[in-house]
Amino acid sequence: MTADRAPRPGRRIEVDEESVRKSLAGLVLTIVELLRQLMERQALRRVEQGGISDEQMEKLGLTLMALERNMAELREHFGLTEDDLNLDLGPLGPLLPRDRDP
């Protein structure tokens, strides 16, 4: 690295607070969405295997719908879309599978 390009001690990086806030919200919501989808898949497996009662199935369905609704509200609040939360993992494809019809 040349002397004119070396980092200077005490130099501050200018950061846009709104951009940082939105990026952090996107990261947190991506993790929450990943967990939500994993919980939904696990619930479907349990239902298919007959491992839960009708009452548990109803409560689980209502809980998952409420969580999905809350995620939509949070995305809207932070100005994010579902695609914003879906990280591209290169050759592995997207982080969040979208197997539902839009």
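Worth saying up front: this structure is predicted, and the values here are computed from it rather than measured. (Residues numbered from 1 in each chain as written. Predicted model: local features only at pLDDT ≥ 70, side-chain atom pairs only at ≥ 80, totals over all residues. Heavy atoms only, no water.)

A. Local environment of the pattern of salt bridges. Inspection of every chain in the model, using the stated rule, returns four salt bridges. Measuring nitrogen to oxygen at the nearest pair gives 2.7 Å for the salt bridge that ties Glu-18 to Arg-21. Residue Glu-18 and its partner Arg-21 are both found in helix H1 (residues 17-48); the two are separated by three residues, about one turn of the helix. Put simply, Glu-33 and Arg-36 hold a salt bridge, and the shortest N to O gap is 2.8 Å. One end of the pair, Glu-33, and the other, Arg-36, are both in helix H1, three residues apart, so they sit about a helical turn from each other. The exposure class assigned to Glu-33 is buried, which follows from its relative accessible area of 3%. The network of salt bridges with shared partners includes Glu-33, Arg-36 and Glu-40. (Salt bridge = Lys/Arg side-chain N within 4 Å of Asp/Glu carboxyl O. Helix = DSSP H or I, 4+ residues; strand = E, 2+ residues; numbered from the N terminus. Buried < 20%, exposed > 50% of the residue type's maximum accessible area, 1.4 Å probe, protein only.)

B. Up close: a nonpolar patch on the surface. A surface patch of nonpolar side chains, amounting to about 610 Å² of accessible area, comprises Leu-24, Leu-27, Val-28, Ile-31, Val-32, Leu-35 and Leu-38. Structurally, the position occupied by Leu-24 is in helix H1. Judged by its relative accessible area of 52%, Leu-24 is exposed. (Patch = residues over 30% accessible without salt bridge, like charges linked within 9 Å, V, L, I, M, F, W, Y side chains within 5 Å. Areas by Shrake-Rupley, 256 points an atom, 1.4 Å probe, with all protein chains shown as cover.)

C. View of the environment of Leu-29. Within the secondary structure layout, Leu-29 lies in helix H1. Note: C-alpha distance between Leu-29 and Glu-82 (53 residues apart in sequence) is 9.7 Å. Non-local contacts of Leu-29, meaning those with residues more than four positions away in its chain, are made with Met-71, Leu-74, Arg-75, Phe-78, Leu-80 and Leu-85. (Contact = heavy atoms within 4.5 Å.)

D. Just the packing of H1 against helix H2 (residues 54-77), in detail. Relative orientation of the contacting elements H1 and H2 amounts to 160 degrees, with a least axis distance of 11 Å. Taken together, the axes of H1 and H2 are roughly antiparallel relative to one another. In the packing of H1 onto H2, the handedness of the crossing is left-handed. Two secondary-structure elements touch here, H1 through Leu-29, Val-32, Glu-33, Arg-36, Met-39, Glu-40, Ala-43 and Val-47 and H2 through Met-57, Leu-60, Leu-64, Leu-67, Glu-68, Met-71, Leu-74 and Arg-75. Residues that form the contact of H1 with H2 fall into these classes: 11 nonpolar, no polar and five charged. (Axes fitted to C-alpha atoms, helices over the stretch in contact; angles between N-to-C directions. Parallel < 35°, antiparallel > 145°, perpendicular 65-115°, else oblique. Left-handed = near helix turned anticlockwise from the far one by under 90°. Nonpolar A, V, L, I, M, F, W, Y, C, P; charged D, E, K, R; others polar.)

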